[in-house]
Amino acid sequence: MACNFHAVMYKISPTTPLIALAMLSACAWAPAALAVEPATDVAIQIEADALVVDEKQQISIFSGAVKLERGPLTIYAERLELREFDGGRQEGIASGTPALFERQSEAEPSDPGATDAEKITGSAERITYDSQQETLLLEGQAVLQRWRNGQLRDETTGPRITYTDATGLFTVDGGAQSVSQPKRVTATISPKKASPKGQ
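Residues numbered from 1 in each chain as written. Predicted model: local features only at pLDDT ≥ 70, side-chain atom pairs only at ≥ 80, totals over all residues. Heavy atoms only, no water.

Draft legend 1. Broad picture of the overall build of the protein chain. Counting secondary structure elements, the protein chain contains one helix and 11 strands. Listing the helices and strands of the protein chain from first to last along the sequence gives β-α-β-β-β-β-β-β-β-β-β-β. Sequence-distant contacts in the protein chain: of pairs separated by 6 or more residues, those separated by 24 or more amount to 48%. As displayed, the protein chain offers around 11,100 Å² of accessible surface, 53% of which is attributable to carbon and sulfur atoms. (Helix = DSSP H or I, 4+ residues; strand = E, 2+ residues; numbered from the N terminus. Contact = heavy atoms within 4.5 Å. Areas by Shrake-Rupley, 256 points an atom, 1.4 Å probe, with all protein chains shown as cover.)

Below you can see the structure in the form of structure tokens.
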């Protein structure tokens, strides 16, 4: 079963079955929101130009200026496949040229120069988001950056980067090496400002 949408917005929680999205195809929708979420969970909100739902495979395919939001996390892509698994786990595979994500976080109180919130951004040809593990897997020309007060502080690149949203930890995999096409991990790390004496 396939259905098409245009210029719509969806809110999807772990308890929102994909069949509920498929039922919407019976109506002509203007931009609207579907909100079905328990108070203890943070829903995934998605905006896109079009949506195709495969009920049997439990897959929703969003396309055209896709924007996924969940709390402070935002993912931008040209195409997004959202899969539903038993237990409420959801996996989103975002692709683009490139696909992007950004994550706002609070500034560290120990840094006297931090007047704005810190921001983590990333880009890759493909970003896989696991809602249960809260991980983002960046594959294909992956870049991870940390911004502070609008300035780039740290940057890491590699073929494959795994970022854990809940902890801020990340790992970088250089991939298989060859003499003709070496795959290297690179990192640029800016020193933190020293705290003034007496603080």
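The structure having been displayed, the exposition proceeds.
Draft legend 2. Representation of the pairing of strand 7 (residues 118-130) in the model. Burial runs high along strand 7: 10 of the 13 residues are buried. For strand 6 (residues 90-105) and strand 7, the ladder comprises 12 bridges, and the chain directions are antiparallel. Its bridge partner lying in strand 7, Q104 is registered against K119. Relative to strand 8 (residues 135-148), strand 7 is paired through 10 bridges, and the arrangement is antiparallel. Looking at strand 8, one finds that K119 is bridged to W147. In textbook terms, the turn of a hairpin is the stretch between consecutive antiparallel strands, and for strand 7 and strand 8 this stretch comprises four residues, one of which, E134, has a positive phi near 55°. (Buried < 20%, exposed > 50% of the residue type's maximum accessible area, 1.4 Å probe, protein only. Pairing = 2+ DSSP bridges.)

Draft legend 3. Representation of the packing of aromatic side chains within the structure. Counted by the stated rule, this structure contains one aromatic pair. Directly above the aromatic system of F85 lies the positively charged group of R89, at a separation of 4.4 Å from the ring centroid. (Phe/Tyr/Trp six-rings, centres within 6.5 Å; stacked < 30°, edge-to-face > 60°. Lys NZ or Arg CZ within 6 Å of the ring centre and 35° of its normal.)

Draft legend 4. Representation of the nonpolar core within the structure. I46, F62, F101, I127, L136 and L138 are the most contacted members of the largest nonpolar core, which totals 26 residues. Mapped onto this core, the elements with two or more residues apiece are strand 2 (44-48), strand 3 (50-54), strand 4 (59-70), strand 5 (73-84), strand 6, strand 7, strand 8 and strand 9 (151-164). Per-element accounting of this core gives the leading share, five residues, to strand 5. Not counting chain neighbours up to four residues away, the residues in contact with I127 comprise G92, I93, A94, A99, L100, F101, L136, L137 and L138. (Core = buried A, V, L, I, M, F, W, Y, C linked by side-chain atoms within 4.5 Å.)

Draft legend 5. Examining the environment of V143 more closely. Looking at the element boundaries, V143 is found in strand 8. Every residue in contact with V143, bar those within four places of it in the chain, is listed here: T121, G122, S123, L138, E155, T156, T157 and I161.

Draft legend 6. Broad picture of the environment of T97. Tracing the chain through its elements places T97 in strand 6. The exposure class assigned to T97 is exposed, which follows from its relative accessible area of 68%. Between the C-alpha atoms of T97 and S123, which are 26 residues apart in sequence, the distance is 8.9 Å.

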